[in-house]
Amino acid sequence: MHRLIHTAQALVDEVAEVPNLPARGQNVMATAVTRYAASAVNILVAAARSGATAVHAGAVGTGPNADLIRETLAAEHVAIVSPPVEDLDTGICFVMVEPSAERTFVTTLGAERHISLESLMTSQPAAGDLVCVSGYSLVGSTRDPLLAFLEALPEGVEVVLDPGAIFAGLPAPVRDRMLALTATWTSNAEEATQLTGWTGMDETSAAVAQRVGGAVVIVRDGPKGCFVRDGDSAAYVRGYPQTPVDTNGAGDCHTGILLAGRLAGLSWHEAAVRANAGAAIKVTRRGPNTAPRAAEIDDFLASVAAGG
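Below you will find a few notes about this structure. (Residues numbered from 1 in each chain as written. Predicted model: local features only at pLDDT ≥ 70, side-chain atom pairs only at ≥ 80, totals over all residues. Heavy atoms only, no water.)

1. Comments concerning the packing of aromatic side chains
Where we set the bar: Classification of ring pairs rests on two measures: the distance between centres of Phe, Tyr or Trp rings, Trp counted by its six-membered ring, which must be within 6.5 Å, and the angle between planes, read as stacked under 30 degrees, edge-to-face over 60 and tilted in between. Secondary structure elements follow DSSP: runs of H or I no shorter than four residues count as helices, runs of E no shorter than two count as strands, and numbering proceeds from the N terminus. Note on exposure labels: buried denotes an accessible area under 20% of the residue type's maximum, exposed denotes more than 50%, and partly exposed covers the range between, all computed with a 1.4 Å probe on protein chains only.
By the definition in use, this model includes 2 aromatic pairs. Judged by centre distance (5.8 Å) and plane angle (80°), the rings of Phe167 and Trp185 are edge-to-face. A residue pair is termed long-range when its members are at least 10 positions apart, and Phe167 in the loop between β9 (158-162) and α5 (172-181) and Trp185 in strand β10 (residues 184-188) qualify at 18 residues. With respect to class, Phe167 is no different from Trp185; both count as buried. Ring geometry for Tyr240 and Phe300: centres 5.4 Å apart, planes at 90°, overall edge-to-face. Linking Tyr240 in the loop between β13 (233-237) and α8 (250-263) with Phe300 in helix α10 (residues 294-305), this pair joins segments that are 60 residues apart in sequence. For Tyr240, a relative accessible area of 9% gives the class buried.

2. Describing the packing of helix α1 (residues 40-49) against α8
As a reminder, the rule being used: Only C-alpha atoms enter the line fits that serve as axes; for helices the fit covers just the stretch in contact. Angles between N-to-C directions range over 0 to 180 degrees. Put simply, angles under 35 degrees are roughly parallel, angles over 145 are roughly antiparallel, angles from 65 to 115 are roughly perpendicular, and the rest are oblique. Crossings are assigned a handedness: left-handed for a near helix turned anticlockwise from the far helix by less than a right angle, right-handed for a clockwise turn. Whether two residues touch is decided by their heavy atoms; if any such pair falls within 4.5 Å, the residues are in contact. The nonpolar class holds Ala, Val, Leu, Ile, Met, Phe, Trp, Tyr, Cys and Pro. Asp, Glu, Lys and Arg form the charged class, and all remaining residues, Gly among them, are polar.
Close contact between α1 and α8 brings their axes to 7 Å; oriented N to C, the two are set at 40°. As far as their axial angle goes, α8 and α1 are oblique. Both α1 and α8 take part in a crossing whose hand is right-handed. Along its contact with α1, which presents Asn42, Ile43, Ala46 and Ala47, the element α8 presents Asp252, Cys253, Thr255, Gly256, Ile257 and Ala260. For the contact of α1 with α8, a count of residues per class yields 6 nonpolar, 3 polar and 1 charged.

3. Details of the sheet that holds β9
Put simply, the rule is: Strand pairing follows a simple DSSP-based rule, namely that at least 2 bridges must link the two strands.
As summarised here, the arrangement of the 9 strands in space is β5-β4-β1-β8-β9-β10-β11-β12-β13, forming an open sheet in which the pairing is mixed. Each edge of the sheet is formed by a strand with only one pairing partner; in this case those strands are β5 (79-80) and β13. Of the pairings in the sheet, the one linking strand β1 (residues 3-6) to strand β8 (residues 130-134) comprises 3 bridges and is parallel in character. Paired with Ile5 across the strands is Val131, a residue of β8.

As structure tokens, then:
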């Protein structure tokens, strides 16, 4: 069975629900604080809950943060293949979530940055696998081993780029090197605009497609849905607006379900329909790794088709 291999950072999100962001130098009282395994975990969990065989090839440390990541992935039957980083725990992302469901982040660095070509190769990529890459891995100590790994992938392994907000600001040689390796780009509209200067899902997806050559391009815009470009085919896929309680991890949820659909043999359009539905369900739940299971997506889409 073909697999989703994620190469990026698994972190622990320390999530504080706040009535508002404090002014600089001031304080605000959180109404709740919760710890979640997150970042790459969000995509892996979403993919696994939609039936994909998922593998984490990134580095995981030793300590309470790493333990939470291992427990969360094990519960979803997601394997961690790289050896543990001894004497160093995994980092934390501090998240403040406002009543609007908007979130603000501060991220620390830890064991997740200690990857090597050898540790990534423990995933044993094979033709038909999808290798997911985060733009945040293209900085610092993870950049060179990651690019070396991607350039050594066997024929038939497809690279999926989740660029993140950081990608457009990377040095041009790094961006170009990564784009040359990319078979699929999946991002939100803001990230696509940052790279191309265009706005709108249709326009930005066309501009990204020009930059990435023959790659498939998916550009999403939350409740508005997403735009899918696959060769000469281009189509808008409707969204499913909800009243959100937490948007943290919604894009990751979309990516995981999208890639699980592709691994199951769906077209990009069919996979995007399920990804839009899954992300709509996720934003009604607190926590970044709260993706729905496949049956929940089936029920949601059936309800929509029935006019519910």
